[in-house]
Amino acid sequence: MLRSLSLSTLLISASVFASPFSKPSGDPLPLIIWHGLGDNYAADGLAEVASLAEEVNPGTYVYMIRLDEDASSDRTATFLGNVTEQIASVCTAIAADPILSSAPGVNALGFSQGGQFLRGLIQRCGGDNGIKVKNLVTFGSQHNGIARYQICKPSDWLCKGYIGLLKANTWGAWVQGHLVPAQYFKAVDEETGEPTEAYLESSNFLADINNERVLKNVTYAQNLAQLDNFVMYVFENDTTVVPKESGWFAQTNLTSGDVVELRDRQVYKEDWIGLKKLDKKGGLHFKTTEGEHMRLGEKVLKEVFTEWFAPPKESWKQTVEDVVQEVMEL
């Protein structure tokens, strides 16, 4: 008798078991955001991003990463500080947050240098017993480092002062331990494109987090490969990040303009940090967005919150098929 039921009857039966079909199977995961150079966690722009995240995925708990509760000091820390120590302090703060520490996972959004710092956080304090980041999205980040320091705004004397010190002695111990942009600056041989010995020996952050030294940290690859998705946005007209392709882990020859894509580089082929494993399971995504560095519109952010940060939803089609199968087996 049951096998002769019409499709409409089966659909009605299905609705009894699972309705509504579009209802999320859980609340949205908390979202952690790390801002970029010269910004602070309490900035109006970031508050708008948090509001948009909650609008798209109601109930989202948004945590703005900060290195000081004072907004002005937090901004200063984007220029002045030891990145290794900063990441360690953020790991501790997240572990102490009752919501972030008890959630089944978190999503992460990094703006500019905040992107590679979030990646560093995942590699250094992620994994089975650490912070469980599910999806990481970065905008205009410098994953393969920078070849030139950014141009400061005419009135930004703090930026100008630090950039002056950076240019004077990038590989000095004090600079590498105190000036943030120097710690993701990358010097390469102009002919071979390979990193210089000075960079490999003295880089406080980037050479380590990219596992470029002879001795590799295997946990870095293990932790990053556990992501569900790693989404990297590059701004089409970015002139602040040089080279802009750094946001995709590409290596660019500034003289010839030649670009070696990630999949053609040793960091991928030998899987130094887990990118190849992540790619093989479909979790590595290369995206572009129009405009200059960090000129972000509401549209692209809504797309990110919808595609990568939304709570999982039951498949309407699969739900019906499952219920039909159950009915058939009665």
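Values in this document were obtained by computation on a predicted structure and should not be read as measured data.

Peer 1: Outline the overall build of the protein, listing residues and values.
Peer 2: Counting its secondary structure elements, the protein contains 15 helices and eight strands. Residues classed as buried in the protein amount to 49% of the 330 residues present. Taking as baseline every contact in the protein between residues at least 6 positions apart, the subset at least 24 positions apart corresponds to 74%. Just so you have it, the protein exposes about 16100 Å², and 52% of that area is on carbon and sulfur atoms.

Peer 1: How would you sum up helix H4 (residues 83–96)? Please name residues and give values.
Peer 2: Between its first and last C-alpha, H4 extends 20 Å over 14 residues, near the 20 Å set by a 1.5 Å rise per residue. If you check which residues of H4 are buried, you get Val83, Gln86, Ile87, Val90, Cys91 and Ile94. Down the axis of H4, the buried set is contained in an arc of 140°. They therefore lie on one face. Exposed and facing more than 90 degrees away from the buried side of H4 are Glu85, Thr92, Ala95 and Ala96. On the buried face of H4, the contacting elements are strand S1 (31–34), strand S2 (62–64), helix H5 (98–102) and helix H6 (113–125).

Peer 1: Outline a nonpolar patch on the surface, supporting the account with residue identities and numerical values.
Peer 2: Side chains of Leu80, Leu165 and Trp174 sit close together on the surface and give an oily, nonpolar patch of about 280 Å² of accessible area. Checked against the element boundaries, Leu80 lands in the loop between helix H3 (71–76) and H4.

Peer 1: Account for the environment of Lys134, naming residues and giving values.
Peer 2: Summarising the element assignment, Lys134 is placed in strand S4 (residues 133–139). Considered as a pair, Lys134 and Leu29 are 105 residues apart in the sequence and their alpha carbons are 8.9 Å apart.

The rules behind the values
Residues numbered from 1 in each chain as written. Predicted model: local features only at pLDDT ≥ 70, side-chain atom pairs only at ≥ 80, totals over all residues. Heavy atoms only, no water. Helix = DSSP H or I, 4+ residues; strand = E, 2+ residues; numbered from the N terminus. Buried < 20%, exposed > 50% of the residue type's maximum accessible area, 1.4 Å probe, protein only. Contact = heavy atoms within 4.5 Å. Areas by Shrake-Rupley, 256 points an atom, 1.4 Å probe, with all protein chains shown as cover. Expected span 1.5 Å × (residues − 1). Arc of directions from axis to C-beta. Patch = residues over 30% accessible without salt bridge, like charges linked within 9 Å, V, L, I, M, F, W, Y side chains within 5 Å. Salt bridge = Lys/Arg side-chain N within 4 Å of Asp/Glu carboxyl O.

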